[in-house]
Amino acid sequence: MLSYSVPSGMTRRHFMRHMAGASALTGSALAMGHTLRTHADELTRNRKSAILLWMGGGPSTMDIWDLKPGHRNGGEFRPISTSGDVQICELMPKMARHMDKMAIVRSMSTREADHDRGRYYLHTGYVPNPNIEYPSYGSVIAHELAGQRPELEIPPFVAVGGDSVGPGFLGMAWAPFSVSSNGQVRNLDLNMDVNRLTARKMALMQLENQYLQNENRGIAVKEHLDVIDKTFKLMTSPQMSAFKIADEPTAVREKYGDNGFGNGCLMARRLVETGVPFVEVTLDGWDTHANNHQGIFPTLRDKLPEMDQAMGALVEDLDERGLLQDTVIIWMGEFSRTPNINGGAGRDHWARSWSTVVGGGGINGGIAVGKTSADGTTVETEPYSSEDLMASVCHALGISLETTFTSRDGRPMKIANSGRLIKDLFA
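A. View of the overall build of the chain. Regarding its fold elements, the chain presents 12 helices and 14 strands. Counting only residues that meet the buried cut, the chain has 55% of its 427 residues in that class. For the chain, long-range pairs separated by at least 24 residues make up 73% of all intrachain contacts whose partners lie at least 6 apart in sequence. Accessible surface computed for the chain: about 17800 Å², of which carbon and sulfur atoms make up 49%.

Below is the structure:
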């Protein structure tokens, strides 16, 4: 079973900081104006979730979702028909069976063609600014939905197989909880025997209680004890079983694919079933300038079947379990690749005209929104930005586009950076 080495940021210290932020959730949720609602339609809204399939490196969407057969820019692959009114790459037969549930936005035109800047922009709807850190999709959606799920005991934003962009000015309570694709957190044993864990907690509590007698230290110790208590509840929560994909039948695991991305997509389904509002699953390796002289097309012949199997299984599984109507799936990278093929048989960075894929949550399936030119170099219809895509996802989740946050320096920040709704997704 493949696993991902969790970034050094998710150490024991990071975990404790995360839980320190989470310990303030109950009170801060009310302070931020989050209230529990009891109407049936509100309860339905509160169960909505999102899964972001993040393709790190910039996948060539002209070879995946918007093929140009017959043009010299078109590359080696043929388009195939699908269950929707769209064609996609021949290497994705499993997704072809489920495209009636997904929509391709083929008129993305974004601002950043640098990896780090593009990653930040596509995750937040904002270009990088040295004076302010903006919250990512996961943090925003967790912030808006988690306070309405008092039964949730595990983090509301989980990043699987890679780290994500952080919570920005929303604070550590909304940071991504990073795990490997086999459910492990670095330096934290989630499988520790409960009795052993309880004994360690009691020993630590005895030491901490000695400090409670000191008036100068009492407040800090109480806060620390609160974090310990929250951590203990997390590690002993039955909901932590959502990370244990080994509990799934062998046939289900094989359906997703016995690899990091397959395991991550299966875990995402389990987490959404448990009530986690936002899960991000990473599949890296799309930076195909020339790929060590191999070229883009051999690379895609390896990667696309892996992606197709896991993504197809996820869409099918969510649909069969009745979860797709309340779960938005977003597929994207930081940008695409150049329509023209370079001298190294690869494609370079390209943000001017490309595709993303969304579905579930009431989004119209089986359609392509927008159109690019025959050579793939320009958008011929209304272009859409990262802000527009984020606004559309929030709308599908029942989050008001009038929502406004206040940054730490007092600036009002409208959700999704005032992005426009992509109306064809909901017509």
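B. Quick look at the sheet that holds strand β8 (residues 327-332). In space, the eight strands of this open sheet follow the order β6-β5-β7-β1-β8-β11-β4-β12, with mixed pairing throughout. Of all the strands in the sheet, the pair left with one neighbour each is β6 (177-179) and β12 (367-369). On average, each strand axis in the sheet is inclined to that of its neighbour by 20°, with strand direction left out of account. Two strands pair when backbone bridges link them, and strand β5 (residues 157-160) and β6 are joined in this way by three bridges, in the parallel orientation. Within the sheet, the bridge partner assigned to Val160 lies in β6 and is Val179.

C. Representation of unusual backbone geometry. For Ala416, which is not glycine, the phi torsion reads 60° and is therefore positive. If you trace the backbone, Ala416 turns up in the segment after β14 (412-414). Relative accessible area serves as the criterion here: at 5%, Ala416 is assigned to the buried category. Phi is positive for Asn417, which is not a glycine, with a value near 50°. Tracing the backbone through its elements, the reader meets Asn417 in the segment after β14. The exposure class assigned to Asn417 is partly exposed, which follows from its relative accessible area of 25%.

D. Here's a closer look at the nonpolar core. By size, the foremost hydrophobic cluster in this structure holds 58 residues, and its most contacted members are Leu53, Trp65, Leu271, Leu304 and Met307. Top contributing element to this core by residue count: helix α11 (residues 296-320), with 11 residues. Apart from residues no more than four positions distant in its own chain, Trp65 is found in contact with Gln87, Ile88, Met92, Met99, Ile104, Arg106, Met307, Met311, Trp331, Ser355 and Val357. Core analysis: the next-biggest nonpolar cluster, separate from the first, contains 47 residues, Ile141, Ala142, Ala146 and Leu389 among them.

E. Focus on the environment of Asp317. With respect to the element layout, Asp317 can be found in helix α11. Here the alpha-carbon distance between Asp317 and Leu266, two residues 51 residues apart in the chain, equals 9.0 Å. For Asp317, the contacting residues outside a window of four places in its chain are Tyr256 and Arg269. Side-chain polar atoms of Asp317 contact the side chain of Arg269, separated by 3.2 Å.

F. Spotlight on the packing of helix α6 (residues 137-145) against helix α12 (residues 386-396). Between α6 and α12, whose axes approach to 12 Å, the crossing angle comes to 25°. Taken as axis vectors, α6 and α12 run roughly parallel relative to one another. The handedness of the crossing between α6 and α12 comes out as right-handed. Judged by residue contacts, Tyr137, Val140 and Ile141 of α6 engage Ser386, Leu389, Met390 and Val393 from α12. For the contact of α6 with α12, the per-class residue count stands at six nonpolar, one polar and no charged.

G. Summary view of the pattern of salt bridges. Counted under the stated rule, the structure contains 23 salt bridges. When the shortest N-O distance is used, the salt bridge between Asp326 and Lys48 registers 3.3 Å. Placement of Asp326 in the loop between α11 and β8 and of Lys48 in the loop between α3 (40-46) and β1 (49-56) is noted, with a sequence separation of 278 residues between them. Looking at Asp326, the relative accessible area reads 16%, which means it is buried. Linking Glu248 and Arg269 is a salt bridge whose minimum nitrogen-to-oxygen distance equals 3.1 Å. A residue pair is termed long-range when its members are at least 10 positions apart, and Glu248 in the loop between α8 (218-236) and α9 (250-256) and Arg269 in helix α10 (residues 260-274) qualify at 21 residues. For Glu248, a relative accessible area of 7% translates into the label buried. One network of salt bridges, in which partners are shared, links Glu248, Arg269, Arg270, Glu273, Asp317 and Arg321.

H. Just the pairing of β1, in detail. Summarising burial for β1: eight of the eight residues are buried, a large majority. Taking every second residue as pointing to the same face, both faces of β1 are buried, with Ser49, Ile51, Leu53 and Met55 on one and Ala50, Leu52, Trp54 and Gly56 on the other. For β1 and β8, the ladder comprises six bridges, and the chain directions are parallel. Bridging across to β8, Trp54 finds its partner in Met332.

I. Examining the side chain of Asn259 more closely. Mapped onto the fold, Asn259 is located in the loop between α9 and α10. Of note is the side chain of Asn259, whose polar atom sits 2.8 Å from the backbone nitrogen of Gly262.

What counts as what
- Residues numbered from 1 in each chain as written.
- Predicted model: local features only at pLDDT ≥ 70, side-chain atom pairs only at ≥ 80, totals over all residues.
- Heavy atoms only, no water.
- Helix = DSSP H or I, 4+ residues; strand = E, 2+ residues; numbered from the N terminus.
- Buried < 20%, exposed > 50% of the residue type's maximum accessible area, 1.4 Å probe, protein only.
- Contact = heavy atoms within 4.5 Å.
- Areas by Shrake-Rupley, 256 points an atom, 1.4 Å probe, with all protein chains shown as cover.
- Pairing = 2+ DSSP bridges.
- Axes fitted to C-alpha atoms, helices over the stretch in contact; angles between N-to-C directions.
- Core = buried A, V, L, I, M, F, W, Y, C linked by side-chain atoms within 4.5 Å.
- Polar contact = N/O pair within 3.5 Å; in protein donor to acceptor, adjacent residues only side chain to side chain.
- Parallel < 35°, antiparallel > 145°, perpendicular 65-115°, else oblique.
- Left-handed = near helix turned anticlockwise from the far one by under 90°.
- Nonpolar A, V, L, I, M, F, W, Y, C, P; charged D, E, K, R; others polar.
- Salt bridge = Lys/Arg side-chain N within 4 Å of Asp/Glu carboxyl O.

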